[in-house]
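The lines below spell out each chain.
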2 protein chains.
Amino acid sequence: MGSSSIIQSSIQGPNALEKLQHLLKPELALINQLIIEQLQNRVALIPQLAGHIIGAGGKRLRPMLTLACSHLCGYQGQRHLSLAACVEFIHTATLLHDDVVDDSKLRRGRSTANSLWGNQASVLVGDFLFSRSFQLMVKDGSLDVLRILSSAAATIAEGEVLQLLNIHDLGTTKASYLEVIQSKTAALFAAACEIGGVIAGKEEAETKALQNYGLNLGILFQLIDDVLDYSPDRSEHLGKITGDDFREGKLTMPVILALQKASPAENKFWQRTMAGNRQKTEDLQKAIQLLHQHQCLANTLILARDYATKARNALSIFKESAWKTILNDLIGYCLARPGMEG
Amino acid sequence: MGSSSIIQSSIQGPNALEKLQHLLKPELALINQLIIEQLQNRVALIPQLAGHIIGAGGKRLRPMLTLACSHLCGYQGQRHLSLAACVEFIHTATLLHDDVVDDSKLRRGRSTANSLWGNQASVLVGDFLFSRSFQLMVKDGSLDVLRILSSAAATIAEGEVLQLLNIHDLGTTKASYLEVIQSKTAALFAAACEIGGVIAGKEEAETKALQNYGLNLGILFQLIDDVLDYSPDRSEHLGKITGDDFREGKLTMPVILALQKASPAENKFWQRTMAGNRQKTEDLQKAIQLLHQHQCLANTLILARDYATKARNALSIFKESAWKTILNDLIGYCLARPGMEG
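Conventions used here
Residues numbered from 1 in each chain as written. Chains lettered and ligands numbered in written order. Predicted model: local features only at pLDDT ≥ 70, side-chain atom pairs only at ≥ 80, totals over all residues. Heavy atoms only, no water. Helix = DSSP H or I, 4+ residues; strand = E, 2+ residues; numbered from the N terminus. Buried < 20%, exposed > 50% of the residue type's maximum accessible area, 1.4 Å probe, protein only. Contact = heavy atoms within 4.5 Å. Areas by Shrake-Rupley, 256 points an atom, 1.4 Å probe, with all protein chains shown as cover. Least-squares fit on C-alpha atoms with pLDDT ≥ 70 in both. Phe/Tyr/Trp six-rings, centres within 6.5 Å; stacked < 30°, edge-to-face > 60°. Salt bridge = Lys/Arg side-chain N within 4 Å of Asp/Glu carboxyl O. Lys, Arg positive; Asp, Glu negative; His and termini not counted. Expected span 1.5 Å × (residues − 1). Bend = angle between axes of the 7 residues up to and from the residue. Axes fitted to C-alpha atoms, helices over the stretch in contact; angles between N-to-C directions. Parallel < 35°, antiparallel > 145°, perpendicular 65-115°, else oblique. Nonpolar A, V, L, I, M, F, W, Y, C, P; charged D, E, K, R; others polar. Core = buried A, V, L, I, M, F, W, Y, C linked by side-chain atoms within 4.5 Å. Polar contact = N/O pair within 3.5 Å; in protein donor to acceptor, adjacent residues only side chain to side chain. Buried area = accessible area lost by both parts, 1.4 Å probe.

S.K.: I'd like a rundown of the overall build of chain A, residues and numbers included.
M.R.: A count of helices and strands for chain A gives 17 helices and two strands. In chain A, which comprises 342 residues, the share counted as buried stands at 63%. Here the contacts in chain A between residues at least 6 apart in sequence split such that 75% fall between residues at least 24 apart. Summed over its atoms, the accessible surface of chain A is roughly 12700 Å², and 51% of this surface lies on carbon and sulfur atoms.

Dropping the structure here:
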């Protein structure tokens, strides 16, 4: 595609995500079509349930990373489309299984699949999407891509198990938490970017750089997600109840930082609310107040900025181009994004 | 391996499964070692939970099919070992997710993983095993094998969703039920057999024949499983509470046959117990009595024998050999197996 002229003409878009969505609009339309085709099934509940979550206003951030990284590397073929769909399928499968794990009722402002169709159907349709994703990769035929995405899938599962073990555990360290989000969130960002370079036939220096970009972008994305979960107006954008992490006793970076600075009385508060999970209505406000008092949200943002720098540095080996600009802008967008999920 | 002499010397084993286990003992030991290696993980719960179910006395029937079919085709290499482990991983992942779906408390006489570690961990470790299986296949490097097993995995998920939809549905037809078991059970048997031929470099005639053998073996295996679930002494062998299918309102072949012959009063009984799921303690005995009265268990066995014939016919294109004999004997074993699971 004559990408640079399209980029020039669309530079007015209000933020990097919207610019990217605009630029990739024709390709995203093809991917949506492919997703619908791939979900067609003799078992009607499969397209119904999967369509509910895939169509639920996700921003297609991960598949867009595959597309954009392939364009950055000058890729001219059509393989990026089905592989971007694979990435979205894996992401969706993990969302379905996550909602079962978290027993969530709302996602992106809509009822979750598990609350509508039960945990069983969500587990099984997640399995289906996961398998379908591998079928699509096999059809594509690259063992490198299969290696990257199967390894990412295993890492995601490891990260989710680790997160499960850390729930209610006030001893969760910063390092352990970073390991969780690197696995559960950033691994798929990294893989989505890397395969863009792989299909363009790039050498290890480039594919490794893309992997690095995605990994660091994913980490900062999750750190911002953690901050947003304690941001009071988030539910207006997202429909998701603010303070989900708090209610679930899920220790994220802001609380880990708060624990480092906690007075004995504050420690008792966190013990009762996060470890013991005996919460009163007013506790969330108290928690948010403590996070502000110790600048834990601000410090999580500062930490996120470190990963932004790493992501930017990773892109430095690529020569200047419109796609490089937009991938760089995307870092800034993720740092300052409104309450949305990818 | 000098297989025919080993077979000759082990022909005294009491049944085909034990013969096969004896013959394949060194290979099964290598596979167990490989499984343990592949489960090693920074997240200790993964080997712990997965080890609980993989080590729980499963008969390794599916991986043995891969081994035996590869030997039938004269395979001489080592690839069958890791691919048999892949098959076991996929099987184990589906068991973990099944137990979540069924909310089972016992499997093979031991507490299920979900009852010990919670549904969440079972879902996630299942995902891990599934991903690890694909990683192992990628390492093996055959896109044909990847195609066969990813397609089987998708079919299994479809079958499980279909089964979920049929629960409590007295309108479930024989055809719909056969579709369920062909998908949820037989697809993996078929794939396990087919890849044995694929790695031996056999042509489509042979790989298709093996697939057919596995498919029909799997169908009859599940039909027998359904009969065993209504057999009063099953729990002594298996520890699983007899009548699970009945209690869960899961319509299997015996009940589908009983419904075809039900008097209006009997129809009311099945409506109340299976569709409405309002069961009293004595209902299971009444159900078993009805199944006997209408010869539904016997007729399910007769149906299973049709699939045994198909499985036997599928093997006919292979020249006589000790491996062919044992694969044929395995059909008879599955038809008359004591209360055990593969």
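Having put the structure on the table, let's press on.
S.K.: Kindly report on the environment of A:Leu17, identifying the contributing residues and their values.
M.R.: Residue and element names in this part refer to chain A. Tracing the chain through its elements places Leu 17 in helix H2 (residues 16-23). Owing to a relative accessible area of 3%, Leu 17 belongs among the buried residues under this scheme. A C-alpha to C-alpha distance of 9.7 Å links Leu 17 and Ile 331, two positions 314 residues apart in sequence.

S.K.: Report on the relation of the copies chain A and chain B, specifying residues and quantitative values.
M.R.: Rotating chain A by 180° and translating it 0.0 Å along the rotation axis places it on chain B, where the RMSD comes to 0.0 Å. Between the two chains, the operation in question is that of a two-fold axis.

S.K.: Go over the packing of aromatic side chains with me, naming the residues and quoting the values.
M.R.: Residues and elements named next belong to chain A. Across all of its chains, the model carries twelve aromatic pairs over all chains by this definition. Taken together, a centroid distance of 6.5 Å and an interplanar angle of 15° make the contact between Phe 246 and Phe 269 stacked. Separated by 23 residues along the polypeptide, Phe 246 in helix H12 (residues 244-247) and Phe 269 in helix H14 (residues 264-275) bring together distant segments of the chain. Accessibility expressed as a relative area gives 1% for Phe 246, which makes it buried.

S.K.: Any details on the pattern of salt bridges? Residues and values, ideally.
M.R.: Residue and element names in this part refer to chain A. Tallying each qualifying case throughout the model produces 18 salt bridges over all chains. We note a salt bridge from Arg 79 to Asp 140, for which the minimum N-O separation is 2.7 Å. Within this pair, whereas Arg 79 is found in helix H6 (residues 79-102), its partner Asp 140 is found in helix H7 (residues 113-140), the two being separated by 61 residues in sequence. What makes Arg 79 partly exposed here is its relative accessible area of 30%. On the basis of relative accessibility, which here comes to 17%, the residue Asp 140 falls in the buried class.

S.K.: A description of the side chain of B:Glu266 should follow, citing residues and the corresponding values.
M.R.: All names here are of chain B. Looking at the secondary structure, you find Glu 266 in helix H14 (residues 264-275). Of the side chains bearing the opposite charge, Lys 286 lies closest to the buried Glu 266, which forms no salt bridge; the N-O distance is 6.2 Å. The contacts of Glu 266, once residues within four sequence positions are left out, are Lys 261, Leu 290, Gln 293 and His 294.

S.K.: Mind laying out helix H9 (residues 174-199) of chain A, listing which residues take part and the relevant values?
M.R.: Residues and elements named next belong to chain A. Over its 26 residues, H9 extends 35 Å from the first C-alpha to the last, a length consistent with the 38 Å expected when each residue adds 1.5 Å. Ala 186 marks where H9 bends most, by close to 50°. For H9, the tally of buried residues reaches 22 of 26 residues, placing the bulk of the element in the interior. With its phi angle positive at about 75°, Gly 201 sits one or two positions after the end of H9.

S.K.: Requested: an account of the packing of helix H9 (residues 174-199) of chain B against helix H13 (residues 253-260) of chain B, with residues and values cited.
M.R.: Residue and element names in this part refer to chain B. With their axes 10 Å apart at the nearest point, H9 and H13 run at an angle of 180° to one another. In terms of orientation, H9 lies roughly antiparallel with respect to H13. Across the interface between the two elements, Lys 174, Tyr 177 and Leu 178 from H9 touch Met 253, Ile 256, Leu 257 and Gln 260 from H13. Tallied by class, residues from the contact of H9 with H13 come to five nonpolar, one polar and one charged.

S.K.: Provide a residue-level description of the nonpolar core, including the pertinent values.
M.R.: Judged by nonpolar contacts, the single largest core of 239 residues is most densely connected at A:Tyr213, A:Trp270, B:Tyr213 and B:Trp270. Here this core takes 13 residues from H9(A), the largest share from any one element. What A:Tyr213 contacts, discounting residues up to four positions off in sequence, is A:Leu65, A:Cys193, A:Ala311, A:Ala314, A:Leu315, A:Leu327, A:Leu330 and A:Ile331.

S.K.: Got a sec to walk through helix H17 (residues 322-335) of chain B? Specific residues and values, please.
M.R.: All names here are of chain B. Its 14 residues place the ends of H17 20 Å apart at the C-alpha level, agreeing with the 20 Å of an ideal helix rising 1.5 Å per residue. Here H17 lies mainly inside the structure; eleven of its 14 residues are buried. Of all the positions in H17, only Ala 322, Trp 323, Lys 324, Ile 326, Leu 327, Asn 328, Leu 330, Ile 331, Tyr 333, Cys 334 and Leu 335 are classed as buried. Structurally, the start of H17 carries an N-cap: the backbone nitrogen of Trp 323 is 3.3 Å from a side-chain oxygen of Ser 321.

S.K.: So what about unusual backbone geometry? Which residues, and what values?
M.R.: With glycine set apart, most residues show a phi of negative sign, and most peptide bonds adopt trans. Residue and element names in this part refer to chain A. Within the chain, His 168 stands out as a residue other than glycine whose phi angle is a positive 65°. When you line up the elements, His 168 lands in the loop between helix H8 (143-166) and H9. When its relative accessible area of 30% is taken as the criterion, His 168 is described as partly exposed. Its identity is not glycine, yet Gln 295 carries a phi of approximately 55°, on the positive side.

S.K.: Go over the interface of chain A and chain B, please, and point to the residues and values.
M.R.: Listed by partner, the interface residues are 40 residues for chain A and 40 residues for chain B. Contact between chain A and chain B buries roughly 3600 Å² in total, counting both sides, with carbon and sulfur atoms accounting for 73%. When residues of chain A are sorted by the area they lose upon contact with chain B, A:Arg42, A:Leu124 and A:Glu158 head the list and together hold 19% of the total. Across the chain A-chain B interface, the total number found is four salt bridges. Where B:Arg42 meets A:Glu179, a salt bridge forms, and the shortest distance between an N and an O atom there is 2.5 Å. Our enumeration of links across chain A and chain B arrives at eleven residue pairs in polar contact (both at pLDDT 80 or more). Looking at which element gives the most residues to the side of chain A that touches chain B, the answer is H8(A), with 16 residues. Residue classes in the side of chain A that touches chain B are distributed as 22 nonpolar, eleven polar and seven charged.

S.K.: Explain the side chain of B:Asn41 to me, and be specific about the residues and the numbers.
M.R.: Within the element layout of this structure, B:Asn41 appears in the loop between helix H3 (25-39) and helix H4 (45-54). For B:Asn41, the side chain forms a polar contact with the main-chain nitrogen of B:Val43, separated by 2.8 Å. Aside from chain neighbours lying at most four places away, what touches B:Asn41 is A:Glu158, B:Ile46, B:Pro47, B:Phe128 and B:Arg132.

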